[in-house]
Amino acid sequence: MKTLVLFYSTYGHIYKMAEAIAEGARQVAGNEVVIKRVPETLPPALLDQIGATQAQKAFEHIPVATPTELSDYDNLIFGTPTRYGNLCGQMQAYLDGTGSLWASGALVGKVGSAFVSTAAQHGGQETTLRAFHTALLHLGLVVVGLPYAWQGQMGLEEITGGTPYGASTIAGAKGERQPSANELEGARFQGKHTSEIAKKLAAY
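As the structure is a computational prediction, the values presented were derived from the model and not from experiment.

Quick notes on the pairing of strand S1 (residues 2-7)
No. 1: In terms of burial, S1 is a largely internal element, five of the six residues being buried.
No. 2: Where S1 lies against strand S2 (residues 32-37), six bridges are found, and the strand directions are parallel. Bridge pairing in S2 places phenylalanine 7 opposite arginine 37.
No. 3: Viewed along the sheet, the connection from S1 through helix H1 (residues 13-25) into S2 turns out right-handed.
No. 4: As paired strands, S1 and strand S3 (residues 75-83) are joined by five bridges and run parallel to one another. In the sheet register, leucine 6 faces S3, and the bridge partner there is phenylalanine 78.

Below, the structure written as structure tokens:
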């Protein structure tokens, strides 16, 4: 069985969540886990202007995925920052390139899942995840979220990400907040949970 954790990250928050997702996925025996990123679409000058160039050096070694290679995996877990309550443009552009997979049904029956980050506590985490699920359903994927079996999304002791639709983190208005221990644990749970389901489906 093979799992792909595919992400776009501006300042590194989603990359850290992707690493945690992969950690959880690797807990499932026989699961080959790969982390890749989608292509950048913003010009270098703009990345400099928003202060993202230096942050992105932390994960520039991660290979870029092509849309057609998605069919090589049994389990696809996507990570995106939220833009106005929706997917970021880089991830949307990548998904727009999967038309041939949609037409051929190459992803039908595989597992799909998503995780996100937002600047604010109510910055559109759930709307972004639900929008992502729509794309995954169009591609024929079996959508898996982050069930309440992970109790970390039930506590009131701290401000934290975590939704039944997928793992999430809160980055802060200036990207100053890093994923918390609770949010990373939710990501690990999702990585393991989706992989367990994908393994069962792959056995048939």
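Examining the UniProt feature "binding site: NAD(+)" (unreviewed entry) in the protein
No. 1: This chain's UniProt record puts "binding site: NAD(+)" (unreviewed entry) on Tyr11.
No. 2: For tyrosine 11, the position within the fold is in the loop between S1 and H1.
No. 3: For tyrosine 11, the contacting residues outside a window of four places in its chain are Ile50, Gly51, Ala52 and Ala55.

Digging into the packing of aromatic side chains
No. 1: Counted according to the given criterion, the structure contains four aromatic pairs.
No. 2: Feature note: the residues Phe7, Tyr15 and Phe59 constitute an aromatic cluster, connected by ring pairs.
No. 3: Across from the ring centre of tyrosine 73, 4.9 Å away, lies the NZ or CZ of lysine 2, which sits over that ring.

Considering the side chain of glutamine 153
No. 1: The topology assignment puts glutamine 153 in the loop between strand S6 (142-143) and strand S7 (168-170).
No. 2: By relative accessible area, glutamine 153 is classed as buried at 13%.
No. 3: A distance of 3.0 Å separates a polar atom in the side chain of glutamine 153 from the backbone oxygen of leucine 146.
No. 4: If near-sequence neighbours (up to four positions away) are discounted, glutamine 153 is found in contact with Leu146, Pro147, Tyr148, Gly162, Thr163 and Pro164.

Criteria and thresholds
- Residues numbered from 1 in each chain as written.
- Predicted model: local features only at pLDDT ≥ 70, side-chain atom pairs only at ≥ 80, totals over all residues.
- Heavy atoms only, no water.
- Buried < 20%, exposed > 50% of the residue type's maximum accessible area, 1.4 Å probe, protein only.
- Helix = DSSP H or I, 4+ residues; strand = E, 2+ residues; numbered from the N terminus.
- Pairing = 2+ DSSP bridges.
- Right-handed = clockwise from strand over helix to strand, strands pointing away.
- UniProt positions renumbered as here; feature names shortened; annotations may be inferred.
- Contact = heavy atoms within 4.5 Å.
- Phe/Tyr/Trp six-rings, centres within 6.5 Å; stacked < 30°, edge-to-face > 60°.
- Lys NZ or Arg CZ within 6 Å of the ring centre and 35° of its normal.
- Polar contact = N/O pair within 3.5 Å; in protein donor to acceptor, adjacent residues only side chain to side chain.

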